[in-house]
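Close look at the chain arrangement
Here are the chains, one letter per residue:
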Amino acid sequence: MAVEREVIGVCGATGRLGEIVVRKLRERHPDVTVVALVRDLDKAAPLAAIGAELRRFDYDAPDGLAPALAGIDKLLLISGNAVGERERQHRAVIEAAKAAGVRLIAYTSVLRASETSLPIAAEHKATEAILKDVGVPYVLLRHGWYCENYLFRIQAAVEHGTLPTCAGDGLISAATREDFAEAAVAVLTASEDQAGKVYELAGSTSFTFADLAAEAERQSGRPVKVLHLPKPAFEAALVEIGTPAFAAAMIAKSDMGAREGGLFDESRTLEKLIGRPTTSMSDAIAGVL
Ligand SMILES: NC(=O)c1ccc[n+]([C@@H]2O[C@H](COP(=O)([O-])OP(=O)(O)OC[C@H]3O[C@@H](n4cnc5c(N)ncnc54)[C@H](OP(=O)(O)O)[C@@H]3O)[C@@H](O)[C@H]2O)c1
């Protein structure tokens, strides 16, 4: 008797995180059917080339969502990138998943979503509440910050000799997209039922901005000093060097979140899930310098 192949759908599969998830699923679990749910089929051609099935999926076109989810057993809902629109978009996906009979949604939320003061958390909290209300089985992959968030600042710091921040001595436990993607794959393919689980995912090691400056100096051989600024001055400095106001506000809020401990975690849950320590910030910096 033929064994039915499990079907895993990945939203945001043309994004930086989603693409890694699809690739790892294809590499490590050839017995699983991987459906890349994308709004741009041309952009997703490299995923078709590695054996993923492509289906058009636009959070802003809700009527097409449930049909596109037909036959999908497990769905990775990677949070969207349209800040301010995500509660509505995620609701549309979750309701469609319920209608289509999806057996498990894994949602990429934010570290300690229930209690964090990170401003970016509001839409994640709302999405977690929708998952509960709609009543589809779900597992929460609560992400800390990606190492990659800091790399452009490291490159600028090496160029200018200073690394400005309003994070003070706040510790940050970042991990790479690759690490988070591997965790998603582990959860989506686990033999144990994942419904109801909450994973607080962050880096195995932690750093401050002073550590980042020291590491940038060590690896580049050029002087890099951390420059501690109050939040308004930091945000203004970002705008002055050409950062769009919206992005400057986000970066300043994120650094304030680090200052308040919102990006620190020492549970090593991510490490346990992927069976190895996460990529260090030092290795991530080495990748760009
Ligand atoms: N924890 C952190 O440090 C951190 C950092 C950055 C982002 N994030 C969050 O993590 C998510 C994944 O990160 P990422 O780096 O992979 O982001 P990304 O590269 O911006 O990818 C976002 C994905 O969402 C898709 N998408 C956006 N709007 C959509 C819509 N209306 N319908 C269908 N798909 C839509 C995009 O499709 P297209 O390819 O067609 O644009 C893309 O595939 C982000 O969306 C954000 O919520 C977290």
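Reading guide: rules and limits
- Each chain carries its own residue numbering, running from 1 in the direction its sequence is written.
- Totals for whole chains, interfaces and linings use every residue, but because this is a predicted model, local features are given only for residues with pLDDT of at least 70 and side-chain atom pairs only at 80 or more, for both listing and counting.
- To obtain the side-chain values, all non-hydrogen atoms of the structure were used and water was disregarded.
- Proximity is defined per residue: any heavy atom of the residue falling within 4 Å of a molecule or strand makes that residue near it.
- For the purposes of these results, a polar contact is taken to be a pair of N or O atoms within 3.5 Å, where, inside protein, one atom must be able to donate a hydrogen and its partner to accept one; residues adjacent in sequence count only when each atom of the pair is a side-chain atom.
- Per-residue accessibility takes into account occlusion by the displayed protein chains alone, with areas from the Shrake-Rupley method and a 1.4 Å probe.
- In this analysis a 1.4 Å probe is tested at points of a 1 Å grid over the protein atoms alone, and where it fits but cannot get out there is a cavity; an open set with protein on both sides within 12 Å along at least five of seven lines is a pocket; lining residues have an atom within 4 Å of a point.
- Cavity and pocket membership follows a simple rule, namely that a molecule belongs there if more than half of its atoms are within 2 Å of the grid points.
- Side-chain classes are defined by residue name, with Ala, Val, Leu, Ile, Met, Phe, Trp, Tyr, Cys and Pro counting as nonpolar, Asp, Glu, Lys and Arg as charged, and the others, Gly among them, as polar.
- Residue ranges for the domains trace back to a domain assignment, done automatically or taken from a database.
- We call two residues in contact whenever any of their non-hydrogen atoms come within 4.5 Å of each other.
- Salt bridge, as used here, is a side-chain nitrogen of Lys or Arg placed within 4 Å of a carboxyl oxygen of Asp or Glu.
- Relative accessibility decides the category of a residue: with a 1.4 Å probe and only protein chains considered, values under 20% of the type maximum give buried, values over 50% give exposed, and everything between is partly exposed.
- The way it works is that DSSP assigns letters per residue, a run of H or I at least four long becomes a helix, a run of E at least two long becomes a strand, and they are numbered from the N terminus.

1. Let's talk about the site of the ligand
Neighbouring the ligand are 22 residues; Thr14, Leu17, Lys43, Ser79 and Asn149 lie closest to it. Within the backbone of Gly15, a nitrogen or oxygen atom sits 2.8 Å from an oxygen atom of the ligand. A distance of 2.8 Å separates an oxygen atom of the ligand from a polar backbone atom of Gly80. Surface burial for the ligand is 86%, taken as the share of its 900 Å² of free accessible area covered by protein chains. At a threshold of 2 Å from the grid points, most atoms of the ligand map onto the largest pocket. Residue composition of the shell around the ligand, by class: six nonpolar, nine polar and seven charged.

2. A short note on the domain arrangement of the protein chain
Splitting the protein chain by domain gives domain 1 (7-143) and domain 2 (148-172 + 204-265 + 275-286). Distance from the C-alpha centre of domain 1 to the C-alpha centre of domain 2: 29 Å. At the junction of the two partners, domain 1 supplies seven residues and domain 2 supplies ten residues. Remark: the boundary between domain 1 and domain 2 carries one salt bridge. Residue Arg112 pairs with Asp265 through a salt bridge whose shortest N-O separation is 3.4 Å. Counting every contact that joins domain 1 to domain 2 gives four residue pairs in polar contact (both at pLDDT 80 or more). Tallied by class, the residues present in the side of domain 1 that touches domain 2 amount to five nonpolar, one polar and one charged.

3. Description of the pattern of salt bridges
In total, this model carries 23 salt bridges according to the counting rule given. Glu53 is the partner of Arg55 in a salt bridge, and the nearest nitrogen-oxygen pair spans 2.8 Å. The class for Arg55 is buried, based on a relative accessible area of 18%. Between Glu235 and Lys231 there is a salt bridge whose closest N-O contact spans 3.6 Å. With Glu235 and Lys231 both in helix α9 (residues 231-240) and four residues apart, the pair spans about one turn of that helix. Under the relative-accessibility criterion, Glu235 is labelled partly exposed at 22%. Beyond isolated ion pairs, a larger network of salt bridges with shared partners links Lys24, Arg28, Glu178, Asp179, Glu182 and Arg276.

4. Description of unusual backbone geometry
Here the phi dihedral of Arg112 falls at roughly 45°; this positive angle occurs in a residue that is not glycine. Mapped onto the elements of the fold, Arg112 is located in the loop between β5 (104-110) and α5 (121-134). Its identity is not glycine, yet Arg268 carries a phi of approximately 60°, on the positive side. Within the secondary structure layout, Arg268 lies in the loop between α10 (245-259) and α11 (269-274). Note on Arg268: relative accessible area 38%, which makes it partly exposed.

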